[in-house]
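Secondary and tertiary structure notes
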Amino acid sequence: MSDDPVRVLIADDHPVFRDGLASLLGTQPDVTVVATAADGAEAVALAAEHCPDVVVMDLQMPELNGIDATRRLAETQPDVRVLVFTMGEEDGTVLAAMRAGARGYLVKGASQDEVARAISTVHAGGLVFGASLALRIADLLSGTSTPDRSAFPQLTERELEILDLIAAGRNNAQIASALYLAPKTVRNNVSNILAKLQATDRAEAIIRARDAGLGGG
């Protein structure tokens, strides 16, 4: 790895936090903030323009949420590492972010040194979790495999993600919170899932999903 500073893009819809983090990271000799974005769509566009090494990504943003933006970056710019930096640490949210391609997950409130170390570690190819998540994350990742698309080829990636949470016993409100989706979006997806699976109700969908190995964790 070269000794060049790590090129960082910050994506957060709160300007005070976004600008404050950019100022703090600007004091780090081994970090250069190349751009800041106010939403997920802008983050994806600016990443294509500036080619950062690491994107520090909030999750709850307008236009395109951080999970979907992370997934899009993983598809279009796989060399860009994503470090999630957000308020929530609900298990479903952590797993959704990691499955989307994030390499690290910090909860806001982490110190400046923690953030700088996390950026360095993610850039080097490592995985990072904040102290409050460290005790849970190994169990989460070992106990929950990525949903098996082959069992339900008719479902989209989003529908498969939601079916996995349904199988884990989550209700629509919990799924909406975990994936940063509008409740109406979750309801529409659940309806599509039931129709595509030709399931008479949610209970039947849960049984079929669990038989396929979904809903663990």
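Residues numbered from 1 in each chain as written. Predicted model: local features only at pLDDT ≥ 70, side-chain atom pairs only at ≥ 80, totals over all residues. Heavy atoms only, no water.

1. A look at the UniProt feature "modified residue: 4-aspartylphosphate" (unreviewed entry) in the protein
Note the following rule: UniProt positions are given in the numbering used here, feature names are shortened, and annotations may be inferred rather than shown by experiment. Numbering of helices and strands runs from the N terminus, with a helix taken as a DSSP run of H or I at least four residues long and a strand as a DSSP run of E at least two residues long. Only heavy atoms enter the contact rule, under which two residues are in contact if any of them lie within 4.5 Å.
Per the UniProt record, "modified residue: 4-aspartylphosphate" (unreviewed entry) is annotated on Asp 58. Checked against the element boundaries, Asp 58 lands in the loop between strand E3 (54-57) and helix H3 (66-76). Setting aside residues up to four positions removed in sequence, Asp 58 forms contacts with Ala 11, Asp 12, Asp 13, Gly 66, Phe 85, Thr 86 and Lys 108.

2. Thoughts on unusual backbone geometry
Rules: In this scheme, a residue with accessible area under 20% of its type's maximum is buried, one over 50% is exposed, and one in between is partly exposed, where area comes from a 1.4 Å probe on protein chains only.
The backbone of Glu 63 sits at a positive phi, close to 70°, despite the residue not being glycine. For Glu 63, the location among the structural elements is in the loop between E3 and H3. The phi dihedral of Tyr 180 is positive, around 55°, even though this residue is not glycine. In this fold, Tyr 180 is placed in the loop between helix H8 (172-179) and helix H9 (183-197). Take Tyr 180: its relative accessible area is 17%, and that puts it in the buried class.

3. What about the packing of aromatic side chains?
Aromatic ring pairs are defined here through the distance separating the ring centres and the angle between the ring planes. We count it as follows: Between the rings of Phe, Tyr and Trp (Trp by its six-membered ring), a pair exists once the centres lie within 6.5 Å; its type follows the angle of the planes, with under 30 degrees stacked, over 60 edge-to-face, and the other angles tilted.
For the structure shown, the criterion picks out one aromatic pair. Look at Phe 17 and Phe 85: their rings are 5.5 Å apart centre to centre, the planes differ by 50°, and that puts the pair in the tilted class. Linking Phe 17 in helix H1 (residues 15-26) with Phe 85 in strand E4 (residues 81-86), this pair joins segments that are 68 residues apart in sequence. Given the relative accessible area of 27%, Phe 17 is considered partly exposed.

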